[in-house]
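The chain contents come next:
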Protein chains: 2
Amino acid sequence: MEKDNTYFGVKEIARRANVSIATVDRVIHNRPGVSEKTKQKINGIIKELDYQPNILASRLASRKIISLAVLLPRVSEETDFWEAPLKGIRRAEAEIKKYGVQIQFYLFDLNDKNTFEEQIKAILETEVHGVLLSPSFIEESKQFVKTCHKLKIPYVFFDSNIPDQDNLSYIGPHLFQSGYVGAKLLTYRLKENHKVLVVNISKEIFNYNNLQIEEGFRAYFNDHNQSCEVIRVDIKDTDSLSVAKDLTRVLYEHEDIEAIFVTNSRVFAVASFLEKSKRTDISLIGYDFLKENIRFLNMGTIDFLICHKPEEQGYRGLMSLYQRLVLGAPVEKVHFMPIDIITKENHAFYQN
Amino acid sequence: MEKDNTYFGVKEIARRANVSIATVDRVIHNRPGVSEKTKQKINGIIKELDYQPNILASRLASRKIISLAVLLPRVSEETDFWEAPLKGIRRAEAEIKKYGVQIQFYLFDLNDKNTFEEQIKAILETEVHGVLLSPSFIEESKQFVKTCHKLKIPYVFFDSNIPDQDNLSYIGPHLFQSGYVGAKLLTYRLKENHKVLVVNISKEIFNYNNLQIEEGFRAYFNDHNQSCEVIRVDIKDTDSLSVAKDLTRVLYEHEDIEAIFVTNSRVFAVASFLEKSKRTDISLIGYDFLKENIRFLNMGTIDFLICHKPEEQGYRGLMSLYQRLVLGAPVEKVHFMPIDIITKENHAFYQN
DNA sequence: CCACGTTTCGGGTACGTACCCGTAAATATA
DNA sequence: TATATTTACGGGTACGTACCCGAAACGTGG
C-alpha cells in the first residue's frame, strides 16, 4: 500500500508561485531576501493550501540543536518528591532528543536560596532557547523571568505558579480546589460537630502553595456551613523531633481533634508521630506519592493522599517548550493537573 | 549551535563492515540477499554501536502506509461512554498520521452481536497491519483473534480483557482491584453493621467485567471481616422504568440498605431513581465520567465515581500498535490503568 | 554609459534511511 | 565447457526541508 500523495509541500508551493524552493523556504522562515510582492504571493498560496510543514523532514534537514534549561530542586534526603518530575522530564528528553533537543539540568537546594541564584546565573551564561522552572523562591524567580522575557526566551512554570509573569505556560495543580477536595475527604466520615487541624510544615514562613491550599480547605467548610472548628499550626523545623514536639503540644491543648490535614508532602512526619503516640483514631490526609507516605497509607495511618501527577508535570512542562520551539505550535497558558485521590487500595496502579 | 555528531547511522555501520549502505539496510530489515557471514558481522557492529534508527529519516523515506483497524462499540443514545476512547484514538491518529499510519474504524452495536460479527468480517477483507479492539463479545472475539494470530496481525485489547489470547497487549483496568476500591469508599463512612446493595445493570447475563468487579468488591469485606450483608440484584433491562421497578422491590424487601454500588456506568439510572423517590440518604457509587453521572455527582446523589481513563485507554491502545509496527519497539503485555476516584470537588480537573 | 553595491532569487547538496535496479560472482544445468 | 540461474552486493535516487553559494537583476553615483 502506498502513501497518499495528497500532501502539498514546499515544492508544490514553489511550482504554483513560479519561484524556487529556496524562496519559499525564505518566506516560511521569515528570512530576508524576498521582495514584498512575491512574499505576499507565496503567503497566499501557503494559506490556500493550508500548508503543514513536514516535521520529520524539517528536523532531519536542520543542523541546529535546541537547548533547554530545567531549573528544579535537587532530590534531597528529606523527601524524594522531586524524583517524579525529574523522571517525567527525562522521559520527555528521551522522546525529543532525536529531534535535536538538548536538556541541561540546574539543581538547587530548597533550603538554600543562594543555590537558586547561582543556578540562575549559570543558566544565563549559556545560550538557551527555553526554560522550565519550579519557581520555589518567588522574588528571585520574578527577577529571572523578567530577564528571560527581555531576551525573548520562553519559560514555563510548573508545580507552583506565579501569576502574571508572561510565562509561556503554567503546568500544575489548581491549589485552591485541591484544598477543597482535601476538606471533603476529611469530613466525609466525621460527625456533625468536629474539630480539625491543619498542619503546615515548611521552612518558608510565607508559602504561596500552602496558603492557597489552606484557603480552599477553609472555603469548603464555609460553603457547607459545617459547624466545625479549624485549628492551625505552623511547624518551621522540618525534622521529626520538632514535628513531634509541636504536635504533642497542640493535641494536648485540643484533645478532641478528630482529623488532621497536612498541606504538603511532609504528612509522613505527622503519620510517624501518630503511630508512635498510638493516636490512630485520628484521620489523616496529606499530599504526594512518596515512599514514606505510601507506607503509612498501607498501614492505615494515612487515610488519603492527594496528588497532582508530578511526573506528568515534568513531562508536559518540557513538552510544551518543545511544542513551541520545535513545532511552532501554540501552547495552553494554563494546564491544571488532575486532583488525584490515592488510597491504600488504588495506589498500586497510580501513575505518578 | 550545531547538532552533536556522536550519532552513528547506517553509513558508519557500512563503513566499518566494508559493505554498502544497501547491504546494511537489508540486514536491518531482515531482507534476503545477504550471506550469513556478512550478516553476522553487520549485526555485531549494530549491537556494538547500539544503533538506533532515525525514525524521522526512516518514515520519510518509506513509501508504505501502515493501516490499523479499530473495533469498538458505537456511541449510543443510552450512554456516551464510548466517546472517550474514540477521542483518545483520534488524538493518537492525529499524532501519528504524518508517520504514514492510517486508521479505519469499525463500529458495532453493543446490543446486537450480529453487528460485531459483520464488522469482523469487514476487517478481515481488508489489508490491515494491526487491530485495536474492545472484546465485548467474548466467544466471537476469541475466534477473531485466532485468525489474526494465524495471519500474524498483532492485536490489542482494551477496556476489558480476555486472558491468554496471545494479544500484543491489554490496556485497561485491573477490575478486581477496582471493585475493591469501590468497597473501601462505600464503607468509609458507614457504621459497623451495615447492609449494602450491589446493582448489576446489563443485558448480558454473563459479563466478565461486572463479575470481576463484584469479586473485588466482596473481597474487601472478607479481608476486613466487616460484619455486613451484601445484597445483589441483576437488572437485565437497561431502561429507567425497569431499573426503578426492580429497585423499588429490593429496597422494600431490605429497607435498611445504606449504600449502593453499581458495577458499571449505568449508575445514573439508580441515581435518578433515588432522586425521584427521595432516598438521598443512601450512599451511591458507580462508574465512569458520563455527563449524566457528573450531574448526579454535582447534586450529591452520587458520592463517588470510579473511572479508568477511557480516553487514555484509546490513545495508548493505538500507540502501542504504532510502537510495535512503526518503531519496532517492545510493548508491555499488560498496562493497567489507574483506578481514579472522582468527586464533586475534583471532577472539573479530571482527565478522562 | 560603466563600475560597483544591493536586492532578489535559483541551483544544488545535505540530512539518514528505503528501496529500485543493475551487475559480478557463485552455483547449477545442459 | 558453455550457458542459465541464483546469490550477494553496490550505485544511486527519492523522501521533504534547510541552507550555502553564486548569479542575475536592479539601482546608484560618477
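Okay, so let's go over this structure. Counting of residues starts from 1 at the beginning of each chain's written sequence and follows it residue by residue. Chain A is the first chain written and ligand 1 is the first ligand written, with later ones labelled in order. Two thresholds apply to this predicted model, a pLDDT of at least 70 for residue-level local features and 80 or more for giving and counting side-chain atom pairs, whereas whole-chain, interface and lining totals are computed over all residues. Computation of side-chain values: all heavy atoms of the structure, hydrogens and water removed.

Here's the deal with the interface of chain A and chain B
Note: interface size is frequently given as the accessible area lost on complex formation between the parts. Residues are treated as being in contact if the distance between any of their heavy atoms lies within 4.5 Å. Listed by partner, the interface residues are 46 residues for chain A and 47 residues for chain B. For the chain A and chain B pair, buried surface summed over both sides reaches about 4400 Å², with 61% attributable to carbon and sulfur atoms. Between Lys or Arg on one side and Asp or Glu on the other, a salt bridge is scored when a side-chain nitrogen of the former is within 4 Å of a carboxyl oxygen of the latter. Inspection of the chain A/chain B interface yields 2 salt bridges. Of the charged contacts, one joins E345(B) and K184(A) as a salt bridge, the two residues approaching to 3.5 Å between their closest N and O atoms. Those elements giving two or more residues to the side of chain A that touches chain B turn out to be α4 (55–61), α8 (175–187), β11 (334–336) and β12 (340–342) of chain A. What gets called buried area is simply the loss in accessible area from a 1.4 Å probe that two parts show on being joined, summed for both. Think of it this way: any DSSP run of H or I at least four residues long counts as a helix, any run of E at least two long counts as a strand, and we number them from the N terminus.

Some details on the sheet that holds strand β7 (residues 228–235) of chain B
Residue and element names in this part refer to chain B. Here a strand pair is declared whenever DSSP counts at least two bridges between the two strands. Reading across the sheet, the 6 strands line up as β7-β6-β8-β9-β10-β12 and stay open at both edges, with mixed pairing between neighbours. A strand with exactly one partner marks an edge of an open sheet, and here the two such strands are β7 and β12 (340–342). In this sheet, adjacent strand axes meet at a mean angle of 20° when their direction is disregarded. Against the sheet, helix α10 (residues 240–253) touches β6 (194–201) and β7, its axis set at about 150° to β7. Axis definition: a line fit to C-alpha positions, over the contact stretch in the case of helices; interaxial angles, taken between N-to-C directions, run 0 to 180 degrees.

Digging into the relation of the copies chain A and chain B
Between the two chain copies there is a screw-like relation: a rotation about an axis and a shift along it. Between chain A and chain B, the superposition needs a rotation of 180° and an axial shift of 0.2 Å, giving an RMSD of 0.3 Å. Within this description, the copies of the chain are treated as partners about a two-fold rotation axis. If distances are taken from each C-alpha of chain A to the rotation axis, the shortest is found for R189(A), at 2.2 Å. The atoms used to superpose the copies are C-alpha atoms, taken from residues with pLDDT of at least 70 in both, and the fit is least squares.

Topic: the pattern of salt bridges
Under the criterion given, the structure shown has 38 salt bridges over all chains. In this structure, R91(B) and E311(B) form a salt bridge, with 3.2 Å as the shortest nitrogen-oxygen distance. Remark: E311(B) occurs in helix α13 (residues 310–327) and R91(B) occurs in helix α5 (residues 83–96); sequence separation between them is 220 residues. We call a residue buried when its accessible area falls under 20% of the maximum for its residue type, exposed when it is over 50%, and partly exposed in between, using a 1.4 Å probe and counting protein chains only. A relative accessible area of 36% means that R91(B) is categorised as partly exposed. Among the charged side chains, a network of salt bridges with common partners joins E214(A), R218(A), R232(A) and D234(A).

Re the protein's contact with DNA strand C
Residues in contact with DNA strand C amount to 28 residues; listed here are only the nearest, S20(A), S35(A), D25(B), H29(B) and Y51(B). Restricting attention to atoms of DNA strand C within 4 Å of the protein, one finds that 67% of them are sugar or phosphate atoms. Counting of polar contacts relies on pairs of N or O atoms within 3.5 Å, with two restrictions inside protein: one atom must be capable of donating a hydrogen and the other of accepting it, and residues adjacent in sequence are counted only when both atoms are side-chain atoms. D25(B) places a polar side-chain atom, nitrogen or oxygen, 2.6 Å from a phosphate oxygen of DNA strand C. The contact in question runs from a phosphate oxygen of DNA strand C to an N or O atom on the side chain of Y51(B), over 2.6 Å. Elements supplying a minimum of two residues to the surface near DNA strand C: α2 (21–28) and α4 of chain A together with α1 (10–17), α2 (21–28) and α4 (55–61) of chain B. Tallied by class, residues from the surface near DNA strand C come to 12 nonpolar, 10 polar and 6 charged. Nearness is judged by heavy atoms alone; a residue qualifies as near a molecule or strand once a single heavy atom is within 4 Å of it. Following the grouping adopted for this structure description, the nonpolar residues are Ala, Val, Leu, Ile, Met, Phe, Trp, Tyr, Cys and Pro, the charged ones are Asp, Glu, Lys and Arg, and the polar ones are all others, Gly among them.

Some points on the protein's contact with DNA strand D
Near DNA strand D there are 29 residues, and of these D25(A), H29(A), Y51(A), S20(B) and T23(B) occur at the shortest range. Expressed as a percentage, the sugar and phosphate content of the atoms of DNA strand D within 4 Å of the protein is 70%. D25(A) is positioned such that a nitrogen or oxygen atom in its side chain is 2.6 Å from a phosphate oxygen of DNA strand D. At a separation of 3.0 Å, a base nitrogen of DNA strand D approaches a polar side-chain atom of R26(B). For the surface near DNA strand D, the per-class residue count stands at 12 nonpolar, 11 polar and 6 charged.

Quick look at α2(B)
All names here are of chain B. By the burial criterion, the buried members of α2 are T23, V24 and V27. The buried residues of α2 occupy an angular sector of 100° when the element is viewed end-on, so they sit on one face. In the core, the buried residues of α2 are packed alongside α1 and α3 (36–49). Positive backbone phi, at 60°, marks N30, one or two positions downstream of α2. Working note: the arc is built from the helix axis to C-beta atom directions.

Structural notes on the packing of aromatic side chains
Aromatic contacts are taken between Phe, Tyr and Trp rings whose centres are within 6.5 Å, Trp giving its six-membered ring; a plane angle under 30 degrees counts as stacked, one over 60 as edge-to-face, and the others as tilted. In the structure shown here, the tally under the stated rule is 32 aromatic pairs over all chains. Judged by centre distance (4.7 Å) and plane angle (85°), the rings of F108(B) and F116(B) are edge-to-face. With relative accessibility at 0%, the residue F116(B) sits in the buried group. When the ring of Y155(B) is compared with that of F157(B), the centres are 6.2 Å apart and the planes differ by 55°; the resulting orientation is tilted. Comparing Y155(B) with F157(B), the two get one shared label, buried. Whether a charge sits over a ring comes down to the Lys NZ or Arg CZ being within 6 Å of the ring centre and within 35 degrees of the ring normal. Over the ring of Y315(A) we find R91(A), and its NZ or CZ is 4.2 Å from the ring centre. Just above the ring of F296(B) sits the side chain of R295(B); from NZ or CZ to the centre is 4.7 Å.

Remember that the coordinates give geometry; whether it matters functionally is a separate question.
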